[in-house]
Amino acid sequence: MEFQQQWPMARSLQVLKLLLCMLVAVVLQEFVSGFNVDTSRPIIYRHDDNRSQFGFAFTLYKAGDDYKIIVGAPRAESSAFDRLEVYRSGAIFDCPIEVASDTTPECQEFVVDNVGNEIISRNGQTFQVTNASSQWLGSTVQSAGDGGPIVVCRPLYKKLKNVGTSREERTYFGGCFVIGDGLSTVTPFEPCKLDKALGHFLTHRCEIGLSAAVRGVCLIDPHSYQIGPYATTESLSIMKSHDA
């Protein structure tokens, strides 16, 4: 008898819970909307070189009312260099968002590295002191948000020592570029390249730019004697953006 009395009560509670859930769903429908990817009319960005790794990293950028996607292609051939001198340095592309649904968006290369291999003269002779080939420019792309700076990095940018001799050495010290003022200015950020401040880095792997974060007007990148996957963080390199 006691069981028979409990059963209708338990069932009534279940029905009440169901009705309550339905009521909540109806109320929330007025305030909550879902977001779905438009699979019927997607905007597809492509690069004509299938080895460029176009899209490896990207960020959304807004300047005023203009939205863009800044896309990294760390194995692309940059238009800034002769392929025989700098091979697959990587590149950055500026891609529009608002395009007609029946057209393919045209992404334009945004050149941030127009130096490539650095050459110096000493005692009447010229020496190559850096190597920009396979530097993976565009493997890291970060934005500070609306109108803020953009950071793009090349963690495998190399310093050369004793070029052309049996004692030739290559040091991966990496580096980044800070793009600001509405994509009109480019400032290098290479703390591991500074002999005076960080001379000991030049004989170790540094790989600045393996990852990066942009907060407000600062670019923050941790480094130590061996940056990236090789050591723990000992300090921070902080660079104020020119957008400050």
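Residues numbered from 1 in each chain as written. Predicted model: local features only at pLDDT ≥ 70, side-chain atom pairs only at ≥ 80, totals over all residues. Heavy atoms only, no water.

Undergrad: Got a minute to help me understand the sheet that holds strand β12 (residues 176-180) in this structure?
TA: The strands that make up a sheet are held in pairs by hydrogen bonds between backbone atoms, and each pair lies either parallel or antiparallel. One open sheet holds the 4 strands; their spatial order is β8-β9-β12-β13, and the pairing between them is antiparallel. Looking at which strands have only one partner, the edges of the open sheet turn out to be β8 (140-143) and β13 (185-189). In this sheet, neighbouring strand axes are inclined to one another by 20° on average, regardless of whether the strands run parallel or antiparallel. Pairing of β12 with β13, which is carried by 5 bridges, proceeds in the antiparallel orientation. Bridging from a neighbouring strand, valine 178 pairs with threonine 187 of β13. (Pairing = 2+ DSSP bridges. Helix = DSSP H or I, 4+ residues; strand = E, 2+ residues; numbered from the N terminus. Axes fitted to C-alpha atoms, helices over the stretch in contact; angles between N-to-C directions.)

Undergrad: Please clarify how the state of the cysteines should be interpreted in this entry.
TA: Working definition: the covalent bond between the sulfur atoms of two cysteines is a disulfide. Summed over all chains, the structure comprises 2 disulfides. In this model, cysteine 95 is linked to cysteine 107 through a disulfide, with the two sulfur atoms separated by 2.1 Å. Judged by the sign of its S-S torsion, about 120°, the cystine formed by cysteine 95 and cysteine 107 is right-handed. Of this pair, cysteine 95 sits in strand β3 (residues 91-96) while cysteine 107 sits in the loop between β3 and β4 (108-109), placing them 12 residues apart in sequence. The residue that forms a disulfide with cysteine 153 is cysteine 176, at a sulfur-sulfur distance of 2.2 Å. (Disulfide = S-S within 2.5 Å.)

Undergrad: What should I look at first to understand the pairing of strand β1 (residues 57-63) in this one?
TA: In terms of strand pairing, β1 meets strand β2 (residues 66-73) through 7 bridges, oriented antiparallel. Within β2, the position partnered with alanine 63 by the bridge is aspartate 66. Connecting the antiparallel pair β1 and β2 is a turn made up of 2 residues, with glycine 64 showing a positive phi of about 70°.

Undergrad: Could you clarify how one ought to interpret unusual backbone geometry in this entry?
TA: A negative phi holds for most residues other than glycine; trans holds for most peptide bonds. Positive phi values are uncommon outside glycine, yet serine 134 reaches one of about 50°. Counting through the fold element by element, serine 134 comes out in the loop between β7 (130-131) and β8. With a phi angle near 55°, aspartate 181 is a residue other than glycine that sits in the positive phi range. For aspartate 181, the position within the fold is in the loop between β12 and β13. Assessed through its relative accessible area of 41%, aspartate 181 is described here as partly exposed. (Buried < 20%, exposed > 50% of the residue type's maximum accessible area, 1.4 Å probe, protein only.)

Undergrad: Just to check I follow, could you spell out the sheet that holds strand β10 (residues 158-161) for this structure?
TA: What the 3 strands build is an open sheet, ordered β7-β10-β11; its pairing is antiparallel. Unpaired on one side and paired on the other, β7 and β11 (169-172) mark the two borders of the sheet. Two strands pair when backbone bridges link them, and β10 and β11 are joined in this way by 4 bridges, in the antiparallel orientation. The residue of β11 that forms the bridge with lysine 158 is tyrosine 172.

Undergrad: Just to check I follow, could you spell out the confidence of the model for the chain for this structure?
TA: It should be kept in mind that the predicted coordinates are not to be read in detail where pLDDT is low. Taken as a whole, the chain shows an average pLDDT of 75; of its residues, 69% reach a score of 70 or greater. Low pLDDT, under 50, characterises residues 196-203; the predicted model gives this stretch 18 contacts beyond four residues in sequence or across chains. Below a pLDDT of 50 lies the segment residues 219-244, which in the model reaches 83 contacts outside its immediate sequence neighbourhood of four places, other chains included. (pLDDT = per-residue confidence, 0-100. Contact = heavy atoms within 4.5 Å.)

Undergrad: Where do I start with the packing of aromatic side chains in this structure?
TA: Here a ring pair, both rings aromatic, is described through the centre-centre distance and the interplanar angle of the planes. Under the definition given, this model contains 3 aromatic pairs. Plain terms: the ring middles of phenylalanine 56 and tryptophan 136 are 5.2 Å apart, the flat faces sit at 85° to each other, and that makes the pair edge-to-face. Placement of the pair is phenylalanine 56 in the loop between α1 (2-28) and β1 and tryptophan 136 in the loop between β7 and β8, with a sequence separation of 80 residues. Between tyrosine 157 and phenylalanine 173 the ring centres are 5.3 Å apart and the planes differ by 85°, which places this aromatic pair in the edge-to-face class. Highlighted residues: tyrosine 157 in the loop between β9 (150-153) and β10 and phenylalanine 173 in the loop between β11 and β12, separated in sequence by 16 residues. Exposure class is identical for tyrosine 157 and phenylalanine 173. Each is buried. Taking the ring centre of tyrosine 157 as reference, the NZ or CZ of arginine 154 above it sits at 3.5 Å. (Phe/Tyr/Trp six-rings, centres within 6.5 Å; stacked < 30°, edge-to-face > 60°. Lys NZ or Arg CZ within 6 Å of the ring centre and 35° of its normal.)

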